Amino acid sequence: MSEIKVNSIKGVGATNAAITVNNSDGTCTANITNKPNRNLLINGAFLIAQRSTSDTGNGYTTVDRVTHYRANVNENPTFSQSDVAAGTTPYTLGFRKAFKIQNGNQTGGIAATNQIQADYRFEAQDIANSGWDYTSSSSFITLSFWVKSSVSQDFKYHLRTVDGTNRNYHFNTGVLSANTWTKIIKTIPGDSNITMDNDNGTGMELMLFSQYGTNLTGSFTNNAWSNWSSSERTQDQTLTWYATNNATYEITGVQLEVGSVATDFEHRSFGQELALCQRYYQVVAEGANHLIGSVFTVSSYIYCVVDLLVTMRATPTIEVSNFSNAFRAYGTGGGVNVNTLTITGESRNNRIFIEQAGDPGTVASLRCYNANSKLAVTAEL
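Conventions used here
Residues numbered from 1 in each chain as written. Predicted model: local features only at pLDDT ≥ 70, side-chain atom pairs only at ≥ 80, totals over all residues. Heavy atoms only, no water. Pairing = 2+ DSSP bridges. Helix = DSSP H or I, 4+ residues; strand = E, 2+ residues; numbered from the N terminus. Axes fitted to C-alpha atoms, helices over the stretch in contact; angles between N-to-C directions. Core = buried A, V, L, I, M, F, W, Y, C linked by side-chain atoms within 4.5 Å. Buried < 20%, exposed > 50% of the residue type's maximum accessible area, 1.4 Å probe, protein only. Contact = heavy atoms within 4.5 Å. Salt bridge = Lys/Arg side-chain N within 4 Å of Asp/Glu carboxyl O. Phe/Tyr/Trp six-rings, centres within 6.5 Å; stacked < 30°, edge-to-face > 60°. Lys NZ or Arg CZ within 6 Å of the ring centre and 35° of its normal.

Peer 1: Before we go on, may I ask you to explain the sheet that holds strand β18 (residues 281-286) in this structure?
Peer 2: Strand-to-strand pairing in sheets goes through backbone hydrogen bonds, with the strands running parallel or antiparallel. In space, the three strands of this open sheet follow the order β18-β27-β21, with antiparallel pairing throughout. Each end of this open sheet is capped by a strand with a single partner; those strands are β18 and β21 (317-320). Between one strand axis and the next, the sheet turns through 25° on average, direction left out of account. In the sheet, β18 pairs with strand β27 (residues 374-378) via five bridges, with the strands oriented antiparallel. Its bridge partner being in β27, V283 is matched across the sheet by A376.

This is the structure:
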């Protein structure tokens, strides 16, 4: 019987050993990069779009976990969930959806106040407990994503920490070839001035897209940390994309992981991704006659307790579709139209307590009343 005795196994040209052997007891330590739960970002393949698949508004209105904003534009851009074309890479790597921005017709041309952006916000505790020593320049996180633009341009981004003294890390794609998917990888060191609270508030923001006029840009060194300034968010930008009517931008496969190596994207099932998104936003009931919950009445008020699908980041607020006769309470006294819903102070991050004027009877149910009605709750950052 033969055996091999080594201290470690290292790849040709590698700096670190793949396997390190303990010479005393024969155990080993493996440097495994393809670990589960390594993507700190939720919905990075943009599978989930609970609110809408397309919208021109500001805020969280389309794909989950992405908030977008536009200001001082001639025509609003469209933010949407798009399909990745078959036969392309990243389609061949298992990506079927992307986050897309289509420019409007910016007939007024480029101005200093122009602004189109999209961001992802991380809970501080997810970064604090990730294993990244964010205060050390020798400790790294690695960002990777696929991006495609209909216009050849160098796009600017930032990664911003928001606890303590806000710090801003500037980076860019380099000039992209038009209509060509390109994979971007950025390894980002820690910084001694970063503060990260161990709580459920926003700890860090990642810019997924920006087109800024000069009122929001400055002269910075790329791939370096500096103090955040709301009037100097990225390097000065070329705005060819903004000046091109109906230009498109798509991004998918966004992954942020601890370490200096970009591993293959961590594909999660639709169900796993949905449950993670529901920590921040979830639909309670939607469509005609969809039951919200059982109702009890006291005096001239109806009360409804709803257990949420997953525990949310914080006590949520209600988002309802503003339609006439959106909801209806039924009981022994008949039915009562309910056009607004209010949650009380007894609500928690796993249960909401609805209170509303109306007296349908002593025993009742609260339901969505028409096809357009929708009750959702949000605890977004």
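Having seen the structure, we can now continue with the description.
Peer 1: Hey, could you run me through the nonpolar core in this one?
Peer 2: Core analysis: the biggest nonpolar cluster contains 51 residues, and F99, I101, F122, L206, W241, Y249 and V254 have the highest contact counts within it. The contact partners of V254, leaving out residues within four places of it in the chain, are N39, L41, G44, F46, L143, S144, F145, L206, L208 and F265. Counting 23 residues, the second-largest nonpolar core is a separate cluster that includes V284, L341, I352 and V377.

Peer 1: Mind showing me how you'd approach the pairing of strand β20 (residues 301-307) here?
Peer 2: Remember that side chains alternate between the two faces of the sheet whenever the strand is regular. Where strand β19 (residues 291-298) and β20 come together, four bridges link them in antiparallel fashion. From the neighbouring strand, V298 faces β20, where its bridge partner is Y301. What sits between β19 and β20 in their antiparallel hairpin is a turn of two residues, with S299 showing a positive phi close to 55°. Note: β20 against strand β25 (residues 351-357), seven bridges, orientation antiparallel. Within the sheet, the bridge partner assigned to Y301 lies in β25 and is A357.

Peer 1: Explain the pattern of salt bridges here, please?
Peer 2: Pairing between side chains becomes possible if they bear opposite charge and their charged atoms approach one another. For the structure on display, the rule yields 13 salt bridges. Here E205 and R121 are joined by a salt bridge, their closest N and O atoms 3.5 Å apart. One end of the pair, E205, is in strand β13 (residues 202-212); the other, R121, is in strand β8 (residues 115-123), and 84 residues separate them in sequence. For E205, a relative accessible area of 13% corresponds to the buried category. With a shortest N-O distance of 3.5 Å, K148 and E250 are connected by a salt bridge. Taken together, the positions of K148 in strand β9 (residues 140-149) and E250 in strand β17 (residues 248-258) put the pair 102 residues apart, joining distant regions of the chain. Among the charged side chains, a network of salt bridges with common partners joins R51, R65 and E380.

Peer 1: Please clarify how the packing of aromatic side chains should be interpreted in this entry.
Peer 2: Each aromatic ring pair is specified by the distance between its two centres and by the angle formed by the two planes. Considering all chains together, one arrives at 16 aromatic pairs under this definition. For the pair F155 and F209, a centre-to-centre distance of 6.0 Å together with 45° between the ring planes defines the contact as tilted. In this pair, F155 is assigned in strand β10 (residues 154-161) and F209 in strand β13, connecting sequence segments 54 residues apart. Accessibility classification places F155 together with F209 in one group, the buried group. Taken together, the ring pairs connect F155, F209, W241 and Y249 into an aromatic cluster. Lying across the ring of Y281, R51 places its NZ or CZ 3.8 Å from the centre. Taking the ring centre of W228 as reference, the NZ or CZ of R160 above it sits at 4.1 Å.

Peer 1: How do you make sense of unusual backbone geometry when you look at a structure like this?
Peer 2: Glycine aside, the phi torsion of most residues is negative, and most peptide linkages are trans. A positive phi is found at N179, a non-glycine position, where the angle reads about 60°. You can see N179 is positioned in the loop between β11 (167-175) and β12 (182-189). Its identity is not glycine, yet N289 carries a phi of approximately 65°, on the positive side. In this structure, N289 sits in the loop between β18 and β19. For N289, a relative accessible area of 46% corresponds to the partly exposed category.

Peer 1: How should I be thinking about the sheet that holds strand β15 (residues 224-227) in this particular structure?
Peer 2: Pairing in this open sheet of six strands is antiparallel, and the strands run β5-β8-β13-β10-β11-β15 from one edge to the other. Only two strands of the sheet have a single neighbouring strand rather than two, namely β5 (66-71) and β15. For this sheet the average axis-to-axis angle between neighbouring strands, irrespective of direction, equals 25°. Bridge count between β5 and β8: six bridges; the pairing is antiparallel. The residue bridging T67 from the neighbouring strand is D119, located in β8.

These figures come from the coordinates and say nothing about function on their own.
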